[in-house]
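So the chains spell out like this:
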Amino acid sequence: MSNKRKRIKLDEQKAKQRLRRLAREGRLANGVEMPKGAVAADLSQQAPNNSFAPPFFYSDQEFTCYDCGAEEVWTAAQQKWYFEVLKAPIYGRAKRCRACRQAHRALQEKSRAAAKQPEAE
Ligand SMILES: [Zn+2]
């Protein structure tokens, strides 16, 4: 066996060992390595999509609130719930902090109610 061939064989073994170790540590999600603290995605629970690369796992994401500019974290667990329970589109992203989200929703409900009864009184 040539040296080159030996080296390839060794690399393959190392890659396999690495995958086994990651699987043991619970850090494999749908065949890909995920960072510490990430949560594996259940692809069958995501909204139907034709993406070649749907999120295989979720990890905490920092974002800036669209309304008040606060620095917030969209946690891995929140994302899993958002995409797999609410079935949100997989390209959806967090936009508002909790307080602004509630204020925004209240405003929407108010305008919806107003639209329904334009001639109350
Ligand atoms: Zn905000």
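To be clear, the structure that these remarks concern was listed above.
All values reported here derive from a predicted model rather than from experimental measurement.

Novice: Looking at this structure, how should I read the coordination of the zinc ion?
Specialist: Those donors, Cys65 (SG), Cys68 (SG), Cys97 (SG) and Cys100 (SG), are the protein atoms that reach the zinc ion, and they lie 2.3 Å from it. Classification of the site at the zinc ion as tetrahedral follows from its four donor atoms and the range of 102 to 115° in their angles at the metal. We note that the donor set of the zinc ion lies within a single chain, spaced as C-x2-C-x28-C-x2-C. Taken together, the positions of Cys65 in the loop between strand S5 (61-64) and strand S6 (71-74) and Cys100 in helix H3 (residues 98-116) put the pair 35 residues apart, joining distant regions of the chain.

Novice: Honestly, the pairing of S6 in this entry has me stumped. Any pointers?
Specialist: Remark: a regular strand shows side chains that alternate across the two faces of the sheet. Summarising the sheet, S5 and S6 pair through four bridges and their orientation is antiparallel. Across the sheet, Gln61 pairs through a bridge with Trp74, a residue of S6. Counted along the chain from S5 to the antiparallel partner S6, the turn is six residues long, and its residue Gly69 has a positive phi close to 80°.

Novice: Just to check I follow, could you spell out the packing of aromatic side chains for this structure?
Specialist: Aromatic ring pairs: the centre-centre distance and the angle between the two ring planes describe each pair. In this structure the tally under the stated criterion is four aromatic pairs. With centroids separated by 5.4 Å and ring planes inclined at 75°, the aromatic side chains of Trp74 and Tyr82 adopt a geometry described as edge-to-face. The class for Tyr82 is partly exposed, based on a relative accessible area of 25%. On the basis of an interplanar angle of 55° and a centroid distance of 5.8 Å, the ring pair of Trp74 and Phe83 is categorised as tilted. Across the pair, exposure class does not vary: Trp74 and Phe83 are buried alike. Taken together through their ring pairs, the aromatic side chains of Tyr58, Trp74, Tyr82 and Phe83 make up a single cluster.

Novice: Would you explain the side chain of Ser51 in this entry?
Specialist: By the secondary structure assignment, Ser51 is in the loop between strand S3 (39-40) and strand S4 (57-58). We classify Ser51 as buried; its relative accessible area is 19%. A distance of 3.0 Å separates a polar side-chain atom of Ser51 from the backbone nitrogen of Ala53. The contacts of Ser51, once residues within four sequence positions are left out, are Ile90 and Tyr91.

Novice: Is there a simple way to think about the nonpolar core in this case?
Specialist: Soluble globular proteins: nonpolar side chains tend toward being buried together. Ala41, Tyr58, Phe63, Trp74, Ala76, Phe83 and Ala88 form the largest nonpolar core, which has seven residues in total. Once residues lying within four places of it in the same chain are set aside, the contact partners of Ala76 are Gly37, Val39, Tyr58, Ser59 and Asp60.

Novice: Hey, could you run me through a nonpolar patch on the surface in this one?
Specialist: Together, Trp81, Val85 and Leu86 make up an exposed nonpolar region whose accessible area comes to about 330 Å². The residue Val85 is located in helix H2 (residues 76-85) in this model.

Novice: Explain H2 here, please?
Specialist: Within H2, the full set of buried residues consists of Ala76, Gln79, Phe83 and Glu84. Looking straight down H2, one finds that the buried residues subtend no more than 100° of arc, so they occupy a single side. Turned more than 90 degrees away from the buried face of H2, the exposed residues are Ala77 and Val85. Residue Lys87 follows H2 closely and has a positive phi angle near 60°.

Novice: Explanation requested: the side chain of Gln79 in the structure shown.
Specialist: Locating Gln79 in the fold gives a position in helix H2. In this structure, Gln79 is in contact with Tyr58, Ser59, Asp60, Gln61 and Trp74, ignoring residues within four places of it in sequence.

Thresholds, definitions, all that
Residues numbered from 1 in each chain as written. Predicted model: local features only at pLDDT ≥ 70, side-chain atom pairs only at ≥ 80, totals over all residues. Heavy atoms only, no water. Donors = N, O, S within 2.8 Å, 3.2 Å for Na, K, Ca; no water. Tetrahedral: all angles 85-135°; square planar, octahedral: opposite > 155°, others 65-115°. Helix = DSSP H or I, 4+ residues; strand = E, 2+ residues; numbered from the N terminus. Pairing = 2+ DSSP bridges. Phe/Tyr/Trp six-rings, centres within 6.5 Å; stacked < 30°, edge-to-face > 60°. Buried < 20%, exposed > 50% of the residue type's maximum accessible area, 1.4 Å probe, protein only. Polar contact = N/O pair within 3.5 Å; in protein donor to acceptor, adjacent residues only side chain to side chain. Contact = heavy atoms within 4.5 Å. Core = buried A, V, L, I, M, F, W, Y, C linked by side-chain atoms within 4.5 Å. Patch = residues over 30% accessible without salt bridge, like charges linked within 9 Å, V, L, I, M, F, W, Y side chains within 5 Å. Areas by Shrake-Rupley, 256 points an atom, 1.4 Å probe, with all protein chains shown as cover. Salt bridge = Lys/Arg side-chain N within 4 Å of Asp/Glu carboxyl O. Arc of directions from axis to C-beta.

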